[in-house]
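Residue-level listing of the chains:
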Amino acid sequence: MATKRRILVQLDNDAHPSVFDRVVAIDAGVEELFSYGNIEPDAVEALVHGAIFTRGPADLKNTAIFVGGKNVTRAEEIFVAVQRAYLGAFRTSVMLDPNGANTTAAAAVLTASHHLDLARTKALVLGGTGPVGQRVALLLARQKAAVWVSSRSKDRAQDVCNAITEKVPDAKVFSTAESHTEGNSNHPEHFNLVVSAAAAGVRTISRAQLTGGEMLKVVMDLNAVPPLGIEGVQITDNGREENGIKYFGAIGVGGLKMKIHKASVASLFHSNDQTLDAEQIFDIGQRLEVA
Amino acid sequence: MATKRRILVQLDNDAHPSVFDRVVAIDAGVEELFSYGNIEPDAVEALVHGAIFTRGPADLKNTAIFVGGKNVTRAEEIFVAVQRAYLGAFRTSVMLDPNGANTTAAAAVLTASHHLDLARTKALVLGGTGPVGQRVALLLARQKAAVWVSSRSKDRAQDVCNAITEKVPDAKVFSTAESHTEGNSNHPEHFNLVVSAAAAGVRTISRAQLTGGEMLKVVMDLNAVPPLGIEGVQITDNGREENGIKYFGAIGVGGLKMKIHKASVASLFHSNDQTLDAEQIFDIGQRLEVA
Amino acid sequence: MATKRRILVQLDNDAHPSVFDRVVAIDAGVEELFSYGNIEPDAVEALVHGAIFTRGPADLKNTAIFVGGKNVTRAEEIFVAVQRAYLGAFRTSVMLDPNGANTTAAAAVLTASHHLDLARTKALVLGGTGPVGQRVALLLARQKAAVWVSSRSKDRAQDVCNAITEKVPDAKVFSTAESHTEGNSNHPEHFNLVVSAAAAGVRTISRAQLTGGEMLKVVMDLNAVPPLGIEGVQITDNGREENGIKYFGAIGVGGLKMKIHKASVASLFHSNDQTLDAEQIFDIGQRLEVA
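Caption draft 1: Quick look at the interface of chain B and chain A. Of the residues lining the interface, 14 residues belong to chain B; the matching set on chain A comes to 20 residues. In total, about 1,300 Å² of surface goes out of reach between chain B and chain A, with carbon and sulfur atoms giving 66% of it. Where chain B meets chain A, there are 1 salt bridge. Between Arg-55 of chain A and Asp-27 of chain B there is a salt bridge, with the nearest N and O atoms lying 2.7 Å from each other. Here chain B is connected to chain A by 3 residue pairs in polar contact (both at pLDDT 80 or more). Those elements giving two or more residues to the side of chain B that touches chain A turn out to be α1 (19–27) and α8 (254–267) of chain B. Take the side of chain B that touches chain A: its biggest share by element is 7 residues, from α1 of chain B.

Caption draft 2: Molecular detail of the relation of the copies chain A and chain C. Least-squares fitting of chain A to chain C yields an RMSD of 0.0 Å, with the transformation described by 0.0 Å of translation along the axis and a rotation of 120°. Between the two chains, the operation in question is that of a three-fold axis. Closest to the rotation axis within chain A is the C-alpha of Glu-32 of chain A, separated from it by 5.1 Å. Different-surface contact between copies: only 7% of interface residues of chain A are shared with the interface of chain C.

Caption draft 3: Summary view of the pairing of strand β2 (residues 32–36) of chain A. All names here are of chain A. Within β2, 5 of the 5 residues are buried, which leaves it mostly tucked inside the rest of the structure. Of the two faces of β2, the one lined by Glu-32, Phe-34 and Tyr-36 and the one lined by Leu-33 and Ser-35 are each fully buried. With 5 bridges connecting them, strand β1 (residues 7–12) and β2 associate as parallel partners. Note on β2: the bridge partner recorded for Leu-11 is Tyr-36. Note that the unit made of β1, helix α1 (residues 19–27) and β2 has a crossover that is right-handed.

Caption draft 4: Broad picture of the sheet that holds strand β3 (residues 63–68) of chain B. Residues and elements named next belong to chain B. What the 5 strands build is an open sheet, ordered β2-β1-β3-β4-β12; its pairing is parallel. The open sheet has two edge strands with one neighbour each: β2 (32–36) and β12 (275–276). As defined by bridge partners, β3 adjoins strand β4 (residues 93–96) across 4 bridges and the pair is classed as parallel. Each residue of the ladder has a partner; that of Phe-66, found in β4, is Met-95.

Caption draft 5: Main features of the side chain of Asp-237 of chain B. Residue and element names in this part refer to chain B. Structurally, the position occupied by Asp-237 is in the loop between β9 (218–221) and β10 (238–242). A residue is classified by how much of its surface remains accessible, and Asp-237, at 5% relative accessible area, is buried. A polar side-chain atom of Asp-237 sits 2.8 Å from the main-chain amide nitrogen of Gln-234. Separated by 2.8 Å, the side chains of Asp-237 and Arg-240 make a polar contact. Every residue in contact with Asp-237, bar those within four places of it in the chain, is listed here: Gly-232, Tyr-247, Phe-248, Gly-249 and Gly-252.

Caption draft 6: Looking closely at the domain arrangement of chain A. The domain architecture assigned to chain A consists of domain 1 (7–96) and domain 2 (104–253). Distance between the C-alpha centres of domain 1 of chain A and domain 2 of chain A: 31 Å.

Criteria and cut-off values
Residues numbered from 1 in each chain as written. Chains lettered and ligands numbered in written order. Predicted model: local features only at pLDDT ≥ 70, side-chain atom pairs only at ≥ 80, totals over all residues. Heavy atoms only, no water. Contact = heavy atoms within 4.5 Å. Buried area = accessible area lost by both parts, 1.4 Å probe. Salt bridge = Lys/Arg side-chain N within 4 Å of Asp/Glu carboxyl O. Polar contact = N/O pair within 3.5 Å; in protein donor to acceptor, adjacent residues only side chain to side chain. Helix = DSSP H or I, 4+ residues; strand = E, 2+ residues; numbered from the N terminus. Least-squares fit on C-alpha atoms with pLDDT ≥ 70 in both. Buried < 20%, exposed > 50% of the residue type's maximum accessible area, 1.4 Å probe, protein only. Pairing = 2+ DSSP bridges. Right-handed = clockwise from strand over helix to strand, strands pointing away. Domains from an automatic or database assignment.

Encoded structure:
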């Protein structure tokens, strides 16, 4: 029997499945791409059964599932529904990367790790309850950083902290409400790392606050659409230094994000039992650099 | 001129074209799969014309059409519309297999033929007016079995018998209403073969009725979702013997069904003039076994 | 790094993206076809950004965009939206051919050029304000023919003439209202070339008017659906001669149209900076004949 072709089933909640994710899939070595738009969690079971009942378990490593789309919450539900539809050895590998949230967070934290010893880092995550912010906080905590999760609602920030602690029991995570945050963000110099993942158009830190100092070494703004949350960061910044602070923008970390995205898709076809969420995608990024 | 790539146009009436049918198509050697969901009969002509007017008749064996979807009646209308859109030599081969009805029926009857001389078989088809049941009855009659088509409505059962007789003039087919059927099914031992293709959740025969006997040799339940119609049949049964009766479930005949499905799709590309419905698909299955 | 696979993103405004355009794309050497239906101009930017931000500028010649669909006006808006979404070197090549309008017009004018010296030709374009008629008039004017654009509304015919003059400043174009046209078309013998691109079912010229003469050499009807606008033209006519006039129908010029379509799609992958509308597609057709 000839080797089976590598099939990726793309489950996207947007009407038109992402061209971005499709091109990356092809460039990662996918041979047949089945792209679905307008996916709701209800539709998942039948599609997954079609994926798992057509090839024997030994061949199922050549079939995989990618969950994407701009609606991150919906995609997370779909990701859960996919795993629920698996039946023992009748499963495939699956990756979650809605709106690039997982690969962006992984690239950001990996980039930060090049410039900081994360285990000794105090980090502030602005917009820490959004899709990217949550993941950045989780990945930082997993690398043993002390992380302040900031949000307009301290309750929601605490929910994120609790969710992180469930996955990383010894996490050093603290919630801080936007009012406190302003206090904190008025003092970004109290942190070694500041990452802004706030919604587009929200000014999180003004230029005047970034005067440098002993502690603050790395400032990232992950927003892909100007104006950025942190005044003065350029979307293309990739380590630009000013007053002893290194700056990074979304396009600046974009090259690494793309490498992680491609390597993650490629890795789906190594076995049929992988479930790639933020942590696994970060680990793939880390292994890329060692190799 | 290089050889044309093998294109399969999948016309599916579900919103999301079947992943199952797509994987099988790829594994059958299809090189380019054009998958369409939400297909209505009205949309067929333009799509078929796009298929037949883009390559010369000599190359049209490399383009083919697959009609699928959970709504079997709608798929049958689409299958007719496809053939109506052909223009003489400007046609492609086409296969109908909505919800797997044709390949399931072919696999069931072929499996039965391994254990029974069908020309000397008395068969009872429970749920005989449903998509799979009708096809099982037709294929059995075509193999010269005497077939009792059972339904809650004797009129509808008779309609099925009449349709079979139109295709197989010397068919030995009899309609039996559910009330009669209960009489019959109370006596499955009056048949050599009992096939249940009833709707999910309908109990057609109780365990107590399957006490074995001289006549009853093979019992099949083609429902893929438990509870099965025939009490005691396991979905994975593939010839399990009990009291002299051999049992078969949907997954049990699934391996053969998959082989027939793949061989049928592959055969579409041998010429541009094939129309694969239940009978032709059964014949492909039979030739597979001889080969 | 291995060569990138040739990806074509098909943006179609019909619910089901054209099978015709898909088969031609594959036969033109496209390796991965991303087909989108129901495209509205609003959806274009995100899709184009996915196409241009996934490969470096040096590799973007392996990604291209095809704009099609039966609604020609909508497709033209989408074509504009695609170009507006490009960002400097971050762009791809793009081709517009909604409902085959550009390739049909190019094939018609190229065919006419085989039988007439266009720079010395007086041409009448009936249905000259429709998608194909406009393009035929433009291409004829660009080849220095004197062109009468005919329409039921002289104002709309004049709009077409003005649009042509914007692109071809020295164009010899004249508007003629349908009432004048009838006068003219009562005298098709006053022209060397008559092309009918009227809506289906509109009789533009009767057989009695085509008695031949000194001037009229070529008569084309580009309607693909009988009854044709010019009485007596056969859809398959490909130079049939009668009374000194050569006749051409839609299928007659279809072979050349298909060659131009394929060559145009193939040419998209030569560089990432091509914008293929009627003129560029005509030029590709012309180069085909020289080669």
